[in-house]
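Chain by chain, the residues run as shown.
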Amino acid sequence: LIELDRHLQEISSPNNPNYQKWLTFDEVGTWTSNPSGAIAVSKWLLNEGASITWQSIYKDYIKAVAPIALWERILNCSFFEFADLTTANDSSSAFPLHRTDQYWLPHHIVQHTHAVFN
């Protein structure tokens, strides 16, 4: 990423010959992809019992599904249920949202992970 940072500085500097020579989506993906990290995260999720349902082209995003109890176990957290009242006529028809305020990742996974979303 040091080389990518150098390149980004060049394309952002008006006096540089590379000024405004923007990178394509594929060039950014090539610079930032982490195949070994994606494999490690995917293996961990599958070994823990989650199902991978989608991965972005450069595998920088991995979508997985599992029961909440499994997420609580592997992320060492507790999820809480909230109601989104902005989309409901009354509280009984509110769509439930499950959120946690903290989570834990194993050391061999945290080095490859920027964030966990739900």
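Located above this text is the structure these notes cover.
A. Representation of unusual backbone geometry in the model. Backbone geometry at Gln 20 places phi at a positive 60 degrees, although glycine is not the residue there. Within the element layout of this structure, Gln 20 appears in the loop between helix H1 (2–12) and helix H2 (25–32). Gln 20 gets classed as partly exposed once you look at its relative accessible area, which sits at 44%. The phi dihedral of Lys 59 falls on the positive side, at around 60 degrees, and the residue is not glycine. Within the secondary structure, Lys 59 sits in the loop between strand S1 (51–55) and strand S2 (62–65). The partly exposed category is assigned to Lys 59, whose relative accessible area is 43%.

B. Representation of the nonpolar core. In terms of nonpolar packing, the biggest core is built from twelve residues, these being Val 41, Trp 44, Leu 45, Ala 50, Leu 70, Trp 71, Ile 74, Leu 75, Cys 77, Phe 79, Leu 105 and Ile 109. Counting residues per element, the ones that place at least two in this core are helix H3 (35–48) and helix H4 (68–74). When neighbours within four sequence positions are excluded, Ile 109 is seen to be in contact with Ala 40, Val 41 and Trp 44.

C. Main features of H3. When the terminal C-alpha atoms of H3 are compared, their 20 Å separation across 14 residues agrees well with the 20 Å that a helix rising 1.5 Å per residue should span. On its buried face, H3 is in contact with S1, S2, H4 and helix H5 (107–110). With its phi angle positive at about 110 degrees, Gly 49 sits one or two positions after the end of H3.

D. Quick peek at the side chain of Glu 10. By the secondary structure assignment, Glu 10 is in helix H1. Owing to a relative accessible area of 17%, Glu 10 belongs among the buried residues under this scheme. Discounting residues that sit within four places of it in the chain, Glu 10 has contacts with Asn 16, Asn 18 and Tyr 19.

E. Quick peek at the packing of aromatic side chains. By the definition in use, this model includes one aromatic pair. Summarising the aromatic geometry, the rings of Phe 25 and Tyr 58 are spaced 5.8 Å apart at their centres and angled 55 degrees between planes, so their arrangement reads as tilted. On the criterion of sequence distance, the pair formed by Phe 25 in helix H2 and Tyr 58 in the loop between S1 and S2 is long-range, its members being 33 residues apart. Of the residues examined, Phe 25 reaches a relative accessible area of 59% and is grouped as exposed.

F. Spotlight on the pattern of salt bridges. Applying the stated criterion across every chain yields a total of three salt bridges. A salt bridge links Glu 10 to Arg 6; the shortest N-O distance between them is 2.2 Å. With Glu 10 and Arg 6 both in helix H1 and four residues apart, the pair spans about one turn of that helix. For Glu 48, the salt bridge is made with Arg 73, and the minimal N-O distance between the two is 2.9 Å. Placement of Glu 48 in helix H3 and of Arg 73 in helix H4 is noted, with a sequence separation of 25 residues between them. Residues joined in a network through salt bridges with shared partners are Glu 3, Arg 6 and Glu 10.

Definitions and cut-offs
- Residues numbered from 1 in each chain as written.
- Predicted model: local features only at pLDDT ≥ 70, side-chain atom pairs only at ≥ 80, totals over all residues.
- Heavy atoms only, no water.
- Helix = DSSP H or I, 4+ residues; strand = E, 2+ residues; numbered from the N terminus.
- Buried < 20%, exposed > 50% of the residue type's maximum accessible area, 1.4 Å probe, protein only.
- Core = buried A, V, L, I, M, F, W, Y, C linked by side-chain atoms within 4.5 Å.
- Contact = heavy atoms within 4.5 Å.
- Expected span 1.5 Å × (residues − 1).
- Phe/Tyr/Trp six-rings, centres within 6.5 Å; stacked < 30°, edge-to-face > 60°.
- Salt bridge = Lys/Arg side-chain N within 4 Å of Asp/Glu carboxyl O.

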